[in-house]
Amino acid sequence: MGHCFQELFMEVTKPSYYDSFRCLASQCPDSCCKEWDVDVDEVSAARYRCLPGELGEALRQNMKQTEYGTQMMAQQGRCPMWRTDGLCRIQAELGEDWLCQVCRAFPRLRHDYGDFLELGLELSCPEAARLILTAPPEPTVTFQTPGGEEPEYDKRTMEVLKASRSWVLTLLDDYPASMALILMLFYSAQTQAALDGGGAPEMDVSAALLTGEMMPDMQETEEFFSFFEHLEILTPRWAALLRQHTVQPLPPQTGAFARYLVERYWLQAISDDDLRGRAKFIVISCLLVGSLPGDYIENAQLYSKEIENDADNVDALLDAAWEEGCFADARLMKMLKQRKERPS
């Protein structure tokens, strides 16, 4: 008697703008070939080491073994494979299939949870940033695809995280960003208690907003911004922007920025149950970018390049969200009140 085989399927979710992305190549105002050392996966590294000719020799000379694995080391602030016309030498001479995994995928994100997969775009790419921050708020696209496996995560925890993320995204749709972020701080505390063994999170929106309004006045401290000046800094422009911060109403793109951060980071609390730290990370990031002068989309893209694409900086900010007094809930709420959007 034959065995019955049941094919596994997994749910895939992606933003409505995901398939609209097209690389600007030589027309890009920035470049993923600038400033970074590129991680080269071992399969690609092995191909490059065996490649004959001038290109193979150039690849072997520029690949180095580091504590992070095999990397293509930047020279004078740019990838040695980046041509003067703004195109990649590997892709131009060998085709896209020869790119390493990082270069082939960027700026596409994959969060694989075993039985479901979430796709997204990296804000650190200028064209992706434009799509993320200007696309009209539309429902995500969901479909089934063959594959997947039994998840390793705790199912109750994931249920709480999914439900709470959905509620926070609704807040961002229904309220101005400053109010939605205040509510998110309150709600994340209740959700954290639920994750730690309490009951289901409950939220009295009116009471939370009243509490936020009654927070005592506090002088804004320079420590909030100087914290970022002491992280690893990639570009002189970022260092200059941090010194020029100002108190101003949150720009209209803040809601889209917050939505991107919630969609990207909220479920990652499944790895360590630290939802509160991630919620504060999101609020801090929105306050930071909203306090910088100049073009909001350019500043958000540079924030992502400087903070999100540096694992050490992300870890430092997640730790500081708990430890630094300048990131205490009361101070964050006060900053949000000071940056309340102007009536339209």
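Structure: see above.
Since we're looking at a predicted model, the values are computed, not measured.

Enquirer: Please clarify how the environment of Asp37 should be interpreted in this entry.
Expert: Mapped onto the elements, Asp37 comes out in the loop between β1 (9–14) and β2 (38–39). When its relative accessible area of 36% is taken as the criterion, Asp37 is described as partly exposed. Expressed as a C-alpha distance, the spacing of Asp37 and Ala74, which sit 37 residues apart in the sequence, is 5.2 Å. Aside from chain neighbours lying at most four places away, what touches Asp37 is Gln71, Met72, Met73 and Ala74.

Enquirer: What is the right way to read the sheet that holds strand β5 (residues 108–112) from this model?
Expert: Backbone-to-backbone hydrogen bonds join strands into a sheet, with any given pair of strands oriented parallel or antiparallel. Spatially, four strands are ordered β5-β6-β1-β7 in an open sheet, and the strand pairing comes out mixed. Where the open sheet ends on each side, the last strands, each with one partner, are β5 and β7 (141–146). Taken over all neighbouring pairs, the strand axes of this sheet differ in orientation by 25 degrees on average, direction set aside. The pairing of β1 with β7 spans six bridges and is antiparallel. Across the sheet, residue Phe9 finds its bridge partner in β7, namely Pro146.

Enquirer: Any chance you could explain the environment of Glu93 here in plain terms?
Expert: Take Glu93: it is sitting in helix α3 (residues 89–94). Overall, the relative accessible area of 45% leaves Glu93 in the partly exposed class. With 16 residues separating them in the primary sequence, Glu93 and Leu109 have C-alpha atoms 26 Å apart.

Enquirer: Which parts of the structure should I look at to understand helix α2 (residues 53–62)?
Expert: Owing to its 3.6 residues per turn, the α-helix aligns residues three or four sequence positions apart on the same side. Of the residues making up α2, those classed as buried are Leu55, Gly56, Ala58, Leu59 and Asn62. With its buried residues spanning 160 degrees around the axis, α2 presents them on a single face.

Enquirer: Would you take a moment to explain the packing of aromatic side chains for this structure?
Expert: In this description, a pair of aromatic rings is defined by centroid distance and the angle of the planes. Tallied over the entire structure, the rule returns 12 aromatic pairs. Between Trp167 and Tyr187, the aromatic rings sit 4.5 Å apart at their centres with planes inclined by 35 degrees, giving tilted as the arrangement. Remark: Tyr187 occurs in helix α7 (residues 177–195) and Trp167 occurs in helix α6 (residues 155–174); sequence separation between them is 20 residues. Classification of Trp167 as partly exposed rests on a relative accessible area of 29%. Members of the aromatic cluster, each reached through a chain of ring pairs, are Phe224, Phe225, Phe227, Phe228 and Phe327.

Enquirer: How do you make sense of the nonpolar core when you look at a structure like this?
Expert: Proteins that are soluble and globular tend to have nonpolar side chains buried together. Ranked by size, the top nonpolar core spans 85 residues in total, and within it Phe224, Phe228, Phe257, Trp266 and Phe327 carry the most contacts. Per-element accounting of this core gives the leading share, 10 residues, to helix α12 (residues 275–290). If near-sequence neighbours (up to four positions away) are discounted, Trp266 is found in contact with Leu161, Ser164, Arg165, Val168, Met184, Ser188, Leu261, Leu275, Ala279 and Ile282. Core analysis: the second largest hydrophobic core is formed by 18 residues, Ala45, Leu59, Trp82 and Cys100 among them.

Enquirer: Help me understand unusual backbone geometry in this model?
Expert: Excluding glycine, most residues fall at negative phi; most peptide bonds, likewise, are trans. A cis amide bond links Phe106 to the next residue, Pro107, at an omega of 5 degrees. Structurally, Pro107 can be placed in the loop between α4 (101–105) and β5. Positive phi values are uncommon outside glycine, yet Gln76 reaches one of about 55 degrees. Relative to the helices and strands, Gln76 is located in the loop between β4 (69–72) and α3.

Enquirer: Where do I start with the sheet that holds strand β3 (residues 63–66) in this structure?
Expert: Pairing is antiparallel across the open sheet formed by three strands, whose spatial order is β2-β4-β3. On the outer flanks of this sheet lie β2 and β3, each paired with one strand and no other. One ladder, built from two bridges, connects β2 with β4; its direction is antiparallel. Along β4, the bridge assignment pairs Val38 with Met72. Helix α1 (residues 42–50) rests against β3 and β4 of the sheet, and its axis sits at about 140 degrees to β3.

Enquirer: In this structure, what is going on with a negative patch on the surface? I would like to understand it.
Expert: Side chains of Glu67, Glu222, Glu223, Glu229, Glu232, Asp312, Asp315, Asp319, Glu323 and Glu324 sit close together on the surface and give a patch of like negative charge. Only α9 (223–229) and α14 (311–323) provide two or more residues apiece to the negative patch. For the negative patch, the leading source of residues is α14, giving four residues. Here Glu324 is to be found in the loop between α14 and α15 (329–338).

Enquirer: Whenever I open this one, the pattern of salt bridges confuses me. Can you help?
Expert: Oppositely charged side chains may form a pair once their charged atoms are brought near each other. By the definition in use, this model includes 17 salt bridges. For Asp173, the salt bridge identified is with Arg259, shortest N-O distance 2.6 Å. Remark: Arg259 occurs in helix α11 (residues 254–265) and Asp173 occurs in helix α6; sequence separation between them is 86 residues. By relative accessible area, which is 19% here, Arg259 ends up buried.

What counts and what doesn't
Residues numbered from 1 in each chain as written. Predicted model: local features only at pLDDT ≥ 70, side-chain atom pairs only at ≥ 80, totals over all residues. Heavy atoms only, no water. Helix = DSSP H or I, 4+ residues; strand = E, 2+ residues; numbered from the N terminus. Buried < 20%, exposed > 50% of the residue type's maximum accessible area, 1.4 Å probe, protein only. Contact = heavy atoms within 4.5 Å. Pairing = 2+ DSSP bridges. Axes fitted to C-alpha atoms, helices over the stretch in contact; angles between N-to-C directions. Arc of directions from axis to C-beta. Phe/Tyr/Trp six-rings, centres within 6.5 Å; stacked < 30°, edge-to-face > 60°. Core = buried A, V, L, I, M, F, W, Y, C linked by side-chain atoms within 4.5 Å. Patch = residues over 30% accessible without salt bridge, like charges linked within 9 Å, V, L, I, M, F, W, Y side chains within 5 Å. Areas by Shrake-Rupley, 256 points an atom, 1.4 Å probe, with all protein chains shown as cover. Salt bridge = Lys/Arg side-chain N within 4 Å of Asp/Glu carboxyl O. Lys, Arg positive; Asp, Glu negative; His and termini not counted. Charge placed at Lys NZ, Arg CZ, Asp CG, Glu CD.

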